[in-house]
Amino acid sequence: TLATLQRLQARYGEALRACAGVARAGAGFHARACALELRSLRGDDTARDWAALAAAAPDPGSLAWVHSLWGEHLERQGDDRGAAARYQDSLRAAPDLYTALALADLRLRGQQPDAALQALADQPETDAVLLRRAAAWRQRGDARWQTALVALLDRQRGLERRGEDLTPHAREFGLMALWLQDDPRAALRWAERNLTLQKSRS
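All values derive from a computational prediction rather than experimental measurement.

Chemist: What should I look at first to understand the pattern of salt bridges in this one?
Modeler: Tallied over the entire structure, the rule returns 20 salt bridges. A salt bridge links arginine 193 to aspartate 165, with the nearest nitrogen and oxygen atoms 3.9 Å apart. You can see arginine 193 sitting in helix α12 (residues 184-201) and its partner aspartate 165 sitting in the loop between α10 (144-161) and α11 (170-179), a full 28 residues away along the chain.

Chemist: Is there a simple way to explain the environment of proline 124 in this structure?
Modeler: Checked against the element boundaries, proline 124 lands in the loop between α8 (113-119) and α9 (127-140). Here proline 124 falls in the partly exposed class, since its relative accessible area comes to 48%. For the pair proline 124 and alanine 23, spaced 101 residues apart in sequence, the C-alpha separation works out to 36 Å.

Chemist: What is the right way to read unusual backbone geometry from this model?
Modeler: Leaving glycine out, the prevailing phi sign among residues is negative, and the prevailing peptide bond configuration is trans. Backbone geometry at alanine 10 places phi at a positive 60°, although glycine is not the residue there. Here alanine 10 shows up in the loop between α1 (2-8) and α2 (12-24). Of note in the backbone geometry, aspartate 182 takes a positive phi value of approximately 50° without being a glycine. Here aspartate 182 shows up in the loop between α11 and α12. Given the relative accessible area of 52%, aspartate 182 is considered exposed.

Chemist: Can you walk me through the side chain of glutamate 37 in this structure?
Modeler: With respect to the element layout, glutamate 37 can be found in helix α3 (residues 28-42). The buried category is assigned to glutamate 37, whose relative accessible area is 14%.

Chemist: Is there a simple way to explain helix α5 (residues 60-76) in this structure?
Modeler: In an α-helix, one turn spans 3.6 residues, which is why side chains three or four residues apart end up on the same side. Helix length check: α5 (17 residues) gives 24 Å between terminal C-alpha atoms against 24 Å at 1.5 Å per residue, within 8%. Of all the residues in α5, the buried ones are Ser62, Ala64, Val66, His67, Ser68, Leu69, Trp70, Gly71, Glu72, His73 and Leu74. Residues of α5 that are buried in the fold lie against α3, α4 (49-55), α6 (80-93) and α7 (97-109). Its side-chain oxygen placed 3.1 Å from the backbone nitrogen of glycine 61, aspartate 59 serves as the N-cap of α5. At the C-terminal side of α5, glycine 78 shows a positive phi close to 85°.

Definitions and cut-offs
- Residues numbered from 1 in each chain as written.
- Predicted model: local features only at pLDDT ≥ 70, side-chain atom pairs only at ≥ 80, totals over all residues.
- Heavy atoms only, no water.
- Salt bridge = Lys/Arg side-chain N within 4 Å of Asp/Glu carboxyl O.
- Helix = DSSP H or I, 4+ residues; strand = E, 2+ residues; numbered from the N terminus.
- Buried < 20%, exposed > 50% of the residue type's maximum accessible area, 1.4 Å probe, protein only.
- Expected span 1.5 Å × (residues − 1).
- Contact = heavy atoms within 4.5 Å.
- Polar contact = N/O pair within 3.5 Å; in protein donor to acceptor, adjacent residues only side chain to side chain.

Given below as structure tokens:
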């Protein structure tokens with residue numbers, strides 16, 4: 001947790017020291033993953049280290065986690081094909097919503113709506129999933145995206161009627177404004193609100 005907090009503030013040296021503390025606590029695999037992700041974020045050459053970490057994974061859940069981190073690393077490197085392969089490996093090891101959304105976002109950015117929909121095929125229809133399905137349908141020219149947008153707006157109004165804080169939903173609302181409502185100014189406002197939230201959490 002300390003390493004994550006330091007990482008969010010771009011204090012990579014302090015975060016690496018926190019990762020070393022994880023190793024001293026006896027969680028060697030997790031310490032290696034912690035340090036490798038930080039080195040990736042720092043821009044170090046980690047190309048040879050990901051496969052070794054995956055080979056050391058003690059169980060399918062840990063293997064899925066490594067492949068998901070590896071996919072994020074490759075995506076930052078601009079290797080979309082490699083990133084997609086790692087996300088798919090992660091989902092085969094142990095399916096989870098976070099990685100499915102990451103793969104869907106990658107496919108949407110590459111204008112591959114069918115592949116994005118396939119990535120979400122087995123996921124529950126959360127707001128985040130419905131948003132990405134709507135974006136994929138729109139890229140395909142499938143009118144279902146408009147029905148999905150109405151449903152998403154209804155959910156947003158429901159939150160407002162209940163007096164709930166919308167800030168935790170700012171990222172998805174920003175993407176909805178950008179992808180479905182063609183309103184980049186609203187998307188920017190939501191993005192700024194999301195950034196404020198992330199900074200407050202760090």
